[in-house]
There are 6 protein chains.
Amino acid sequence: MNLNQSLVHEIVARALAEDVGSGDLTTMAVIPAAAQAAAQFVFREPGVVAGLPVVAAVFAGVDPALECEIQQPEGTQVAAGTSVAVVRGPARGLLIGERVALNLLQRMSGIATVTRRYVDTIVGTQARILDTRKTTPGLRALEKYAVRVGGALNHRFGLYDGVMLKDNHLAILAASGVDMPGAVRLARASVGPMVTVEVEVESVVDAAAAAAAGADMILLDNMPPAQLREAVAAIAGRARTEASGGITLQTLRAVAESGVDYISVGALTHSARALDIGLDSL
Amino acid sequence: MNLNQSLVHEIVARALAEDVGSGDLTTMAVIPAAAQAAAQFVFREPGVVAGLPVVAAVFAGVDPALECEIQQPEGTQVAAGTSVAVVRGPARGLLIGERVALNLLQRMSGIATVTRRYVDTIVGTQARILDTRKTTPGLRALEKYAVRVGGALNHRFGLYDGVMLKDNHLAILAASGVDMPGAVRLARASVGPMVTVEVEVESVVDAAAAAAAGADMILLDNMPPAQLREAVAAIAGRARTEASGGITLQTLRAVAESGVDYISVGALTHSARALDIGLDSL
Amino acid sequence: MNLNQSLVHEIVARALAEDVGSGDLTTMAVIPAAAQAAAQFVFREPGVVAGLPVVAAVFAGVDPALECEIQQPEGTQVAAGTSVAVVRGPARGLLIGERVALNLLQRMSGIATVTRRYVDTIVGTQARILDTRKTTPGLRALEKYAVRVGGALNHRFGLYDGVMLKDNHLAILAASGVDMPGAVRLARASVGPMVTVEVEVESVVDAAAAAAAGADMILLDNMPPAQLREAVAAIAGRARTEASGGITLQTLRAVAESGVDYISVGALTHSARALDIGLDSL
Amino acid sequence: MNLNQSLVHEIVARALAEDVGSGDLTTMAVIPAAAQAAAQFVFREPGVVAGLPVVAAVFAGVDPALECEIQQPEGTQVAAGTSVAVVRGPARGLLIGERVALNLLQRMSGIATVTRRYVDTIVGTQARILDTRKTTPGLRALEKYAVRVGGALNHRFGLYDGVMLKDNHLAILAASGVDMPGAVRLARASVGPMVTVEVEVESVVDAAAAAAAGADMILLDNMPPAQLREAVAAIAGRARTEASGGITLQTLRAVAESGVDYISVGALTHSARALDIGLDSL
Amino acid sequence: MNLNQSLVHEIVARALAEDVGSGDLTTMAVIPAAAQAAAQFVFREPGVVAGLPVVAAVFAGVDPALECEIQQPEGTQVAAGTSVAVVRGPARGLLIGERVALNLLQRMSGIATVTRRYVDTIVGTQARILDTRKTTPGLRALEKYAVRVGGALNHRFGLYDGVMLKDNHLAILAASGVDMPGAVRLARASVGPMVTVEVEVESVVDAAAAAAAGADMILLDNMPPAQLREAVAAIAGRARTEASGGITLQTLRAVAESGVDYISVGALTHSARALDIGLDSL
Amino acid sequence: MNLNQSLVHEIVARALAEDVGSGDLTTMAVIPAAAQAAAQFVFREPGVVAGLPVVAAVFAGVDPALECEIQQPEGTQVAAGTSVAVVRGPARGLLIGERVALNLLQRMSGIATVTRRYVDTIVGTQARILDTRKTTPGLRALEKYAVRVGGALNHRFGLYDGVMLKDNHLAILAASGVDMPGAVRLARASVGPMVTVEVEVESVVDAAAAAAAGADMILLDNMPPAQLREAVAAIAGRARTEASGGITLQTLRAVAESGVDYISVGALTHSARALDIGLDSL
């Protein structure tokens, strides 16, 4: 899995601590320590598989004696009724890990599934789908991974790995007499060469000015396709272009065909529905 | 706020660490340390306010010099366009905390809003809405709080504060010759008197047997209203009753009118959409 | 062991960090890395064995090459002179873990031993012994486990898994015009159905009123056996009953014979003496 | 307080997390956020006060708005009925912190009280009482502080701040041909000059040999007073002397009068009873 | 300070825990709790000031009653004998924090001082000095900040905020038939648009090929100035250029005059000497 | 390795978290998960090997499938060009761990190398080299270990394992009327018998007074060899002696020949240069 294993373990340990707390009263009360069990994760609706290595980490975190067999590679589009993984071993551990595993798998597969839908919609254009920082606090690494599994690319991971001059920054700078191109130049001079500087603009004129000021990437905010086309032309390859704001599955393809390089979609993560997946006893 | 402040601080600190990492490159590059700013949180769609004390904790966590004025009490239903809080102070801190604050507020208000819709639908019946453990890993405390703000009650918080014998437990016990009433009696004898024992049943006959075996609460799984009514009659006040499974806003009122005490709804948390809320400069 | 393994590891890791700090100067100075050793844990006085899985976790935490063989199941009453476990492997690790292992085993077996004494005293009555929250800060999970090993049941684990209206709560509520039955009704309406509501009363009249108000459990504070009998009669099965306050081994049986369901004893944990157990070289 | 404040905060935070968990259901359910209260800590039996600054840290950790007024300095011997501290402020916080504060104060004052008894018993001799590492895992810093408050001195804090060659070390070294004086010389040469090297001996001959080998301190294990006297004479001021093993309040004075410098007593910490202290509403 | 305050607090807390451990024996033994003191930080050799806000955080972490007055702004070049900050307050806290404060200030000012020397050497050229990841584990944030204070820019902060294809990566890829330009194209297609892709090359031909393949930045490894000049010409503005490897203060200016954009210097951090700074009583 | 493994794991985990963050973009982008690799650590200059077990812990922390073969025992003096360890396994893990492993190995071997130089300089005298607390915050355990590997002894580890009355302490005490011998007596009476009391003196007269007052160890500050000789004579074996302050490799032997027991050198740790060590593909 293209994912930092330490982060996975940290998230899983925290999730288990949250759910198990001082101990699972039910299994301690009624399930014999020696009881064995097996169960399979079954998609109850069609979707893209994402998160099975995290599921495996959950059960390993509960009891190393549990074995988790992954049946479908990450990123596979499966039909309703498909079993994607089997877990076998001590019944107590299986029951203890069930809910945390499902909560993570349903969320991650939900994100991968909606991402795939966006990606498929613009097939054949030059544009790529991007995510945003509108992720669940504490789960960003998993959610951005699910976006990659779904076929899109990640925008920056946080405030620490890229400069993004947004309207709020520009408003504050304007108050001290620094205009947008000045802000771009200031940022470019202040940060190291591995840092990409992006700026948000709302007009074609500003797009051209941002490119001239040396922005590496320009966010074209809330522009209809025709205006995007003009902005892309005005930028003329001097910077990467990103369309953002109010884009739906309905308007997506037109946006992509405007010639922008990237389209960022907050809905990939901030409103993805948990996919319906169950854990059925074997 | 009826919420453990230590947990809030822990969640907020983790969320900020995730987003800020080694530092906010943008504000460090262009925003003067002395710049001041103010902004307000505005609902862009109608909804129930939940999470403003958490928003305040976010800004306090970024910079104690930021002041957060809460304008609407938790639980208020507000119209689109309503400003619910204002934050004022050092511009850097305001910009650093913005995304984490919005991510939390949108999610919490989203949950409170959908919860309120369920609660309003059964007004006038004796039934109460419950949440489930289908929450976001790491954010359960905040999400269960948002459910309370929305007007529903919390089911158990985790595996540690209640016994719940579900189909998977009963299947494993059946394999070793323990039937459902036996499982209820075993659980009741094993746990202390402050622990509530609930069992999941799928038939009226089992509902009656569970009550006879001493269950404190009985989950009536996936029953249509008519069957629920029979089950409630069979239990005859010997245990609290909970309807669960496949209940939608459409079927909810009929379920409530069957006479069950509680109706649990996973969708309150597992699929709540982030509410559209913005942070507008003042 | 009916105990959350993550909590055990956390407690053990903290205990080792506290004792080992920047390193065991003695073993580093004089014990060769290759030296092997073996030793057995011997009860120097009769008692009930509790904590051997924790001892095993201590040595595993020091050096995975150490093997810990458990010779007596948890809960066994053993005579003075009995060896209950053997540990074998690298001498350094054995010496490093010795004190932490003994400190935990002595405390846990001490609690199990005194608990067993209380439990045995009321054999044949319907009453069950309960512990309290008067535990050692940081070790509650281990101490409540030792109580279970000793044969008693656990009262609530903390403030989070049960409502308990004590005299201090009632005094504060009284000041704002809420009487005891009102407090019970308020609590019952505010919390979810998995939460048990207990209230403390000091008279038979209040006991009856608490039952009428819907309390799930009633703590009968500091009542002599005759008064307990009256209170139990007045409650008439509408709530679980708990006797508490000033009960000693001398008065215990009379209390149990009053008909109460539960008797809680702070002394199980707050003043249990460490049992005399040694680690003898083999 | 002669105690590392960071450690106090860490212990207090952990204790509160253990007790409060996902939140205090009782206060959230029935106590209004605005309610105020006051209460005093009252000794129900005579004892030595230890732990009030920790009590203050508990309430500060629950709610900074709580004020804790300390009425008796640490180390004061008070009579039954004495109020030693008052806490005032938001009622919720007072109720949330009560049990953790009492658990810590009762344990610490219990240790200080028993320590004072040992110290008083040998008044007028040259000997000083020492504690051991037989402390509660996780609370060593607080317990060793309570020993100091009681008037005794601390032995080493852990394996990291002193060399102690005990019987188990010597047995392992003997197997590889290193005798006790050899072990002392090896240790002395291996560690830096700030590290004190102590060795355990069981005979007068060995005591003399240990002193000759350069031990800084010699533990005279399980010797009756007459033998102690001989050992002290044989050591002749070349090393500090410590009597240890099976010493009770009955035998203590005779041991002290043998001329040893220090007497270590595990019972100060491993079996101190929680002192009976209550928190009474004002 | 352009530095994430949370990271500062984390590093400071860890450093204090490491040094103070179970408590400062010396101050507890001899310094009265009420004693007050004041002292000043004095440069004993000329240098660039870096780290005073961290020093302030150290004393705040020890005792909030300590006041730290900063006398010289970060980045000031001061002469030997200059007092740069004064700390006043409880003597115990001042003594406890002294060593940690000095250890951090000496290291940070040492880095800023050597960085300034490199920066000054190439004044008037277009080149900028960069640091590397050759930093002290656990202190990277502070050391990269000190580099900025010294006047240089930061290269990437870690493996997470930039792609760098080094010789070891290229060797492994070559084994599976992927050449350097192929690696650049693969990386560019796999990562999001905010990620800069840099590749290490050792010849002018490869430099041109890397630029043609779409590298954003090209590391010219171990090239003498003449070859650098050729490489820069071959790249022709299609990518940022970085000279690296074996560059000393002696060769630095010639390298800068070759026309490269950036020069990275591991020695800024991996071998900076602690500056001689003392804390003198006032 | 004579080093607390838990501390090693903690330091290594933190270092990896710092460098890897949300994931290694480069290996995820271009290195196949199945690719294998091998590389060796080669000294590019002569030096003393220290830190290979830490290197092994780094790779184990990245991926347990990586194997690290140590070719040279800790403390070996090796020539330039010597391979000291080989690491083999999944290429991704090898590339991810490389920089952290090198940063630690270079620093630790640098310290061991400079320490060995000091130790060799005084061969044949009775004096031993000591380190100080002038270590890198967060890495003290590793740096003090490297000092031991280099052949010197450790001074105290922190403020918690020894009393050291320095000029700043004495100045504060003088202000309240306690002179140096009084301070020594106060300290000696306040701390337990395992604690060594050292005092700093600047004259022969004070040295004699310190010894008379019962100091266990006396730091002779900044004295030339002749004065040291006098001080040693005046102390006359009543305390251990330590020379400190302004000692260089040039003056070291003369200092040692003055008869002092120990010579402490801050430069062992505060200014040790990272040794030039590379990781070469195999």
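Q: So what exactly am I meant to see when it comes to the arrangement of the chains here?
A: One finds no contact between chain A and chain D; the C-alpha atoms of the two approach each other to within 8 Å at their closest. The two units chain B and chain F remain apart, with a minimum C-alpha distance of 8 Å.

Q: How do you make sense of the packing of helix 3 (residues 52-62) of chain F against helix 4 (residues 91-121) of chain F when you look at a structure like this?
A: Helix-helix packing: each pair is described by the crossing angle between the helix axes and the interaxial distance. Residues and elements named next belong to chain F. Contact geometry for helix 3 and helix 4: axes closest at 9 Å, N-to-C directions at 155°. The angle between helix 3 and helix 4 falls in the class roughly antiparallel. In this structure, the crossing between helix 3 and helix 4 has a hand that is right-handed. Residue-level inspection shows L52, V54, V55, V58, F59 and V62 of helix 3 in contact with helix 4, the latter providing G93, L94, I96, G97, E98, V100, A101, L104, L105 and M108.

Q: What am I meant to see in the relation of the copies chain B and chain A here?
A: Note: a rotation about an axis with an accompanying shift along it relates these two copies of the chain. Superposing chain B onto chain A requires a rotation of 180° together with a translation of 0.0 Å along the rotation axis, leaving an RMSD of 0.0 Å. Both copies are brought into coincidence by an operation consistent with a two-fold rotation axis. By C-alpha distance to the rotation axis, the residue of chain B lying nearest is G138 of chain B, at 3.4 Å. In this assembly, 100% of the residues forming the interface of chain B have copies in chain A that are likewise at the interface, indicating an isologous arrangement.

Q: Would you explain the relation of the copies chain C and chain B in this entry?
A: When chain C is brought onto chain B, the operation consists of a screw motion whose angular component is 180° and whose axial shift is 0.0 Å, with 0.0 Å RMSD remaining. Residue by residue, 100% of the interface of chain C is reproduced at the interface of chain B, so both copies engage with the same surface.

Q: Mind showing me how you'd approach unusual backbone geometry here?
A: Among all residues save glycine, negative phi is the norm, and among peptide bonds the norm is trans. Residues and elements named next belong to chain B. Positioned with a positive phi, A236 is a non-glycine residue whose angle comes to about 55°. For A236, the position within the fold is in the loop between helix 9 (225-235) and strand 10 (240-244). For A236, a relative accessible area of 55% translates into the label exposed.

Q: Looking at this structure, how should I read the domain arrangement of chain A?
A: Frequently, the measure chosen for interface size is the accessible area that the parts lose on association. Residues and elements named next belong to chain A. Its domain assignment divides chain A into domain 1 (5-119 + 273-281) and domain 2 (121-270). Here the C-alpha centroids of domain 1 and domain 2 sit 35 Å apart. Counting from both sides, the interface comprises 23 residues of domain 1 and, opposite them, 24 residues of domain 2. Summed over both partners, the interface of domain 1 with domain 2 buries about 1,800 Å², with 71% contributed by carbon and sulfur atoms. Looking at the side of domain 1 facing domain 2, the largest losses of area belong to I111, Y118 and V119, adding up to 40% of the total buried there. For the pair domain 1 and domain 2, the interface holds one salt bridge. The partner of R107 in a salt bridge is E143, and the shortest N-O contact between them spans 3.8 Å.

Q: When you look at the interface of chain C and chain B in this model, what are you seeing that I'm missing?
A: At the interface, 24 residues of chain C touch 24 residues of chain B. When chain C packs against chain B, close to 1,700 Å² is buried across both sides, 59% of that on carbon and sulfur atoms. Taken as a group, P193, M194 and R240 of chain C account for 45% of the area that chain C buries against chain B, more than any other trio of residues on that side. Summed over the shared surface of chain C and chain B, the result is two salt bridges. Close ionic contact of D216 of chain B with R240 of chain C constitutes a salt bridge, the shortest N to O distance being 2.8 Å. Our enumeration of links across chain C and chain B arrives at seven residue pairs in polar contact (both at pLDDT 80 or more). Contributions of two or more residues to the side of chain C that touches chain B are made by strand 6 (128-130) and helix 7 (180-190) of chain C. Residue composition of the side of chain C that touches chain B, grouped by class: eleven nonpolar, six polar and seven charged.

Q: It is not clear to me how helix 3 of chain F should be interpreted in this structure. Could you clarify?
A: It helps to recall that an α-helix has 3.6 residues per turn; residues three or four apart then point in one direction. Within helix 3 of chain F, burial applies to L52, V54, V55, A57, V58 and F59 of chain F. Buried residues along helix 3 of chain F sit in contact with helix 1 (5-20), strand 1 (36-43), strand 3 (67-70), strand 5 (83-90), helix 4 and helix 5 (140-150) of chain F.

Q: Where do I start with the interface of chain B and chain A in this structure?
A: Taken together, the contact between chain B and chain A spans 60 residues of the former and 60 residues of the latter. The contact between chain B and chain A buries some 5,000 Å² in all, and 59% of this surface belongs to carbon and sulfur atoms. Among the residues of chain B in contact with chain A, E18, P137 and L159 of chain B are the three that bury the most area, contributing 14% of the side total. If you look at where chain B meets chain A, you find four salt bridges. Residue R133 of chain B is joined to D19 of chain A by a salt bridge in which the shortest nitrogen-to-oxygen separation is 2.6 Å. Elements represented by at least two residues in the side of chain B that touches chain A include exactly helix 1 (5-20), helix 2 (25-30), helix 4 (91-121), helix 5 (140-150), strand 7 (163-165), helix 6 (167-175), helix 7 (180-190) and strand 12 (277-281) of chain B. It is helix 4 of chain B that provides the largest number of residues to the side of chain B that touches chain A, a total of eight residues. Its residues placed into classes, the side of chain B that touches chain A shows 30 nonpolar, 17 polar and 13 charged.

Q: I would appreciate a short explanation of the packing of aromatic side chains in the present structure.
A: The geometry of an aromatic ring pair comes down to the distance between the two centres and the angle between the two planes. Inspection of the entire model under this criterion finds nine aromatic pairs over all chains. Taking the centre distance of 5.5 Å and the plane angle of 80° together, the rings of Y160 of chain B and Y160 of chain C count as edge-to-face. Residue Y160 of chain B is found in the loop between helix 5 and strand 7, and its partner Y160 of chain C is found in the loop between helix 5 (140-150) and strand 7 (163-165); the two belong to separate chains. A cation over an aromatic ring shows up here: K144 of chain C above the ring of F157 of chain C, its NZ or CZ 5.1 Å from the ring centre.

Q: I'm lost on the pairing of strand 5 (residues 83-90) of chain C in this one. Help?
A: Each regular strand displays side chains that alternate between the two surfaces of the sheet. Residues and elements named next belong to chain C. For strand 5, the buried fraction is high: seven of the eight residues fall into the buried class. Bridging between strand 1 (residues 36-43) and strand 5 involves seven bridges; their strand directions are antiparallel. Its bridge partner being in strand 5, Q40 is matched across the sheet by V86. Note: strand 3 (residues 67-70) against strand 5, four bridges, orientation antiparallel. Following the sheet pairing, E67 is matched in strand 5 by R88.

Q: Looking at this structure, I do not really get the pattern of salt bridges. What am I missing?
A: Between side chains of opposite charge, a pair can form when the charged atoms approach closely. In total, this model carries 66 salt bridges over all chains according to the counting rule given. Between D131 of chain D and K144 of chain D there is a salt bridge, and its shortest N-O distance comes to 2.9 Å. Of this pair, D131 of chain D sits in the loop between strand 6 (128-130) and helix 5 (140-150) while K144 of chain D is found in helix 5, placing the two residues 13 residues apart along the sequence. An identical accessibility class is assigned to D131 of chain D and K144 of chain D; each is buried. What you see here is one network of salt bridges that share partners, running through D19 of chain A together with R133 and R140 of chain B.

The rules we used
- Residues numbered from 1 in each chain as written.
- Chains lettered and ligands numbered in written order.
- Predicted model: local features only at pLDDT ≥ 70, side-chain atom pairs only at ≥ 80, totals over all residues.
- Heavy atoms only, no water.
- Contact = heavy atoms within 4.5 Å.
- Axes fitted to C-alpha atoms, helices over the stretch in contact; angles between N-to-C directions.
- Helix = DSSP H or I, 4+ residues; strand = E, 2+ residues; numbered from the N terminus.
- Parallel < 35°, antiparallel > 145°, perpendicular 65-115°, else oblique.
- Left-handed = near helix turned anticlockwise from the far one by under 90°.
- Least-squares fit on C-alpha atoms with pLDDT ≥ 70 in both.
- Buried < 20%, exposed > 50% of the residue type's maximum accessible area, 1.4 Å probe, protein only.
- Domains from an automatic or database assignment.
- Buried area = accessible area lost by both parts, 1.4 Å probe.
- Salt bridge = Lys/Arg side-chain N within 4 Å of Asp/Glu carboxyl O.
- Polar contact = N/O pair within 3.5 Å; in protein donor to acceptor, adjacent residues only side chain to side chain.
- Nonpolar A, V, L, I, M, F, W, Y, C, P; charged D, E, K, R; others polar.
- Phe/Tyr/Trp six-rings, centres within 6.5 Å; stacked < 30°, edge-to-face > 60°.
- Lys NZ or Arg CZ within 6 Å of the ring centre and 35° of its normal.
- Pairing = 2+ DSSP bridges.

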